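# Structural overview
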Amino acid sequence: MSVMVAKLGSSSLVDGDGGIRDELIDARLRDLERLRRLGHRPVLVSSGAIACGYRHLGFRERPTALPDLQAASAVGQGVLFRRYQELCAPLGITPAQVLLTSADLERRAGYLNARNTLMRLLELGVLPIINENDTTATDELTFGDNDVLAAHVAVLLGATWLVLLTDRDGLYGVGADGQPELIGTLAAGVGPYDVTLADMRGSGLGRGGVESKLASAGMATAAGITTVIAGASREGVLAAVASGQHVGTRFRPAPRRMSAFKLWLRYAKPAMGRVVVDAGAARALRVKGTSLLPVGVVHADGTFLAGDAVEVVDDRGAPVGKGIAGMSADECRMVAGMRSEAVVDLIKDGPMELIHRDEFVLHDAT
């Protein structure tokens, strides 16, 4: 089963007056239905709830205060999904509204439950239409924008393609003549400073920008997912991507895909603290793939508990990786630098290692 996750941004979905662009949505829904008939499993990540809702509340422009944004989302989400239902009906598509927050994915059980629900919807031939639950999300519990959400969903489902649809044809760099020039292909893991980006001003309706698209592409390509940034209004754009045609800007996937657990750990589970290790432990983690033992720990920052994720850095502050702590921060500080025999005497029935190698992912792993 080949899954395609397509993301539509606010500036493509909604015009400057808050009106829904029915013609564009209808065209992309037809594209998604065509994919389904070809045996693929399409998923749509849709922005636009706030853009649809704020004018219904009397705001002249998109608000900035969090309560106003949440109110606009609460109104706009219903408006937007109702329109999706109306446009899906003539095409024989059954849509399902799925609202997520980052908190839904940071717990392993919640992550697996979200995946199981989405996979079942796809098995039933339903089109999941996913958005962030802006009504309840806060700054601490938000994906940041729907490009990042779409990448999380693509990783979650083990998608073949992630397509970020925007009001531009792709990602633009600066050409030899100093003018914007479409970038055709980028290698996996490209970051915002690896290319010279052209200054392309957006509509102001959405939160996502070029940097979030690059970050999302980096996340998805690390998971072995081909990622494309392309124009939302291009005829047959999604079918073109699935058939191998080169449209927009394509990011090549990494040659090796991480395990599902390590993808979750790297991208979905937030770090609650930091552990500093000495040069020998950093080298063992990076080169030998060993577990992190207390003897290699210099000190720990934060108030994390056993089972929380922590960032691991070397004694110069360079990132080493991220793992699941087997001890609390207080216990970690207590046993830092100790050999295993002494740790066993100090913490009865405690783990021999601070982070087991099976619950650790390197910072630069691909």
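Up top you'll find the structure we're talking about.
Attention here is on the structure that accompanies the text. (Residues numbered from 1 in each chain as written. Predicted model: local features only at pLDDT ≥ 70, side-chain atom pairs only at ≥ 80, totals over all residues. Heavy atoms only, no water.)

Let us look at the overall build of the protein. Of regular secondary structure, the protein possesses 13 helices and 15 strands. For 366 residues, the compact-globule estimate of 2.2 N^0.38 gives 21 Å, and the protein sits close to it at 22 Å. Oriented by its inertia axes, the alpha-carbon framework of the protein measures out at about 70 × 45 × 40 Å. Counting all 366 residues of the protein, 50% fall into the buried class. For the protein, long-range pairs separated by at least 24 residues make up 74% of all intrachain contacts whose partners lie at least 6 apart in sequence. Where the 39 positive side-chain charges of the protein centre and where its 42 negative ones centre are 5 Å apart. (Helix = DSSP H or I, 4+ residues; strand = E, 2+ residues; numbered from the N terminus. Rg over C-alpha atoms; globule rule 2.2 N^0.38 Å. Buried < 20%, exposed > 50% of the residue type's maximum accessible area, 1.4 Å probe, protein only. Contact = heavy atoms within 4.5 Å. Lys, Arg positive; Asp, Glu negative; His and termini not counted. Charge placed at Lys NZ, Arg CZ, Asp CG, Glu CD.)

For the rest of this paragraph, the subject is the sheet that holds strand β8 (residues 185-186). If you walk across this open sheet you meet the eight strands as β3-β4-β2-β1-β5-β9-β10-β8, and the pairing is mixed. In this open sheet, the two strands that pair with only one neighbour each are β3 (95-100) and β8. Sheet analysis places strand β1 (residues 3-8) next to strand β2 (residues 41-46), joined by six bridges and oriented parallel. Within β2, the residue paired with Lys7 across the bridge is Val45. (Pairing = 2+ DSSP bridges.)

Along the chain, the position of Ala300 falls in strand β12 (residues 297-302). Residue Ala300 is classed as buried on the basis of its relative accessible area, which comes to 5%. Along the primary structure Ala300 and Val312 are separated by 12 residues, whereas in three dimensions their C-alpha atoms are 9.3 Å apart. With residues near it in sequence (within four places) discarded, Ala300 still touches Arg274, Val275, Ala329, Cys332 and Arg333.

Of all six residues making up strand β14 (residues 319-324), five are buried, and the element is well covered by its neighbours. In the sheet, strand β13 (residues 309-314) pairs with β14 via five bridges, with the strands oriented antiparallel. Looking across to β14, one finds that Ala309 is bridged to Ile324. Between the antiparallel neighbours β13 and β14 lie four residues, among them Gly317 with a positive phi of about 90°. Sheet topology places β14 next to strand β15 (residues 360-362); three bridges connect them, and they run antiparallel. If you follow Lys322 over to β15, its bridge partner there is Val361.

Attention now goes to the packing of aromatic side chains. Inspection of the entire model under this criterion finds two aromatic pairs. Taking 5.6 Å as the distance between ring centres and 45° as the angle between the ring planes, the aromatic pair formed by Phe261 and Trp264 counts as tilted. Of this pair, Phe261 and Trp264 both sit in helix α10 (residues 260-267), separated by three residues, roughly a single helical turn. A connected cluster of aromatic rings, assembled from ring pairs, spans Tyr111, Phe261 and Trp264. (Phe/Tyr/Trp six-rings, centres within 6.5 Å; stacked < 30°, edge-to-face > 60°.)

Side chains of nonpolar character tend, in soluble globular proteins, to be buried together. Grouped together as the largest cluster of nonpolar side chains are 47 residues, with contacts concentrated most on Val5, Val43, Ile130, Val153 and Leu162. Here this core gets nine residues from one element, more than from any other, and that element is helix α7 (residues 146-157). Among all residues touching Val153, those that are not within four sequence positions of it are Val5, Val43, Val45, Leu100 and Ile130. Leu91, Ile93, Leu127 and Leu165 belong to the second-largest nonpolar core, a separate cluster that totals 34 residues. (Core = buried A, V, L, I, M, F, W, Y, C linked by side-chain atoms within 4.5 Å.)

Time to look at the side chain of Arg250. Mapped onto the elements of the fold, Arg250 is located in strand β10 (residues 249-251). Contact partners of Arg250, with chain neighbours within four places excluded, come to Gly184, Thr185, Leu186, Thr226, Thr227, Val228, Val241, Gly244 and Gln245.

Time to look at the state of the cysteines. Applying the stated criterion across every chain yields a total of zero disulfides. For the unlinked cysteine Cys88, the closest cysteine sulfur is that of Cys52, found at 15 Å. A relative accessible area of 0% means that Cys88 is categorised as buried. (Disulfide = S-S within 2.5 Å.)

On to the pairing of β13, then. Most of β13 is tucked away, with five of its six residues classed as buried. The sheet contact formed by strand β11 (residues 271-277) and β13 spans five bridges and is parallel. Looking across to β13, one finds that Ala271 is bridged to Ala309.

The subject of this paragraph is the packing of helix α6 (residues 108-123) against α10. Between α6 and α10, the least distance of the axes is 11 Å, while the angle of their chain directions is 115°. Relative to α10, α6 is oriented so that their crossing is right-handed. On α10, the residues touching Arg108, Tyr111 and Arg115 of α6 are Ala260, Phe261 and Trp264. Counted by class, the contact of α6 with α10 contains four nonpolar, no polar and two charged residues. (Axes fitted to C-alpha atoms, helices over the stretch in contact; angles between N-to-C directions. Left-handed = near helix turned anticlockwise from the far one by under 90°. Nonpolar A, V, L, I, M, F, W, Y, C, P; charged D, E, K, R; others polar.)

Pairing between the strands of a sheet comes from backbone hydrogen bonds, and it takes one of two forms, parallel or antiparallel. Taking strand neighbours across the sheet as the criterion, the five strands line up as β12-β11-β13-β14-β15 in an open arrangement whose pairing is mixed. The open sheet has two free edges, formed respectively by β12 and β15, since each of these has just one partner strand. Here the strands of the sheet are splayed against their neighbours by 25° on average, with no regard to which way each runs. The sheet contacts of helix α11 (residues 279-288) involve β11, β13, β14 and β15, and relative to β14 the element is tilted by about 75°.

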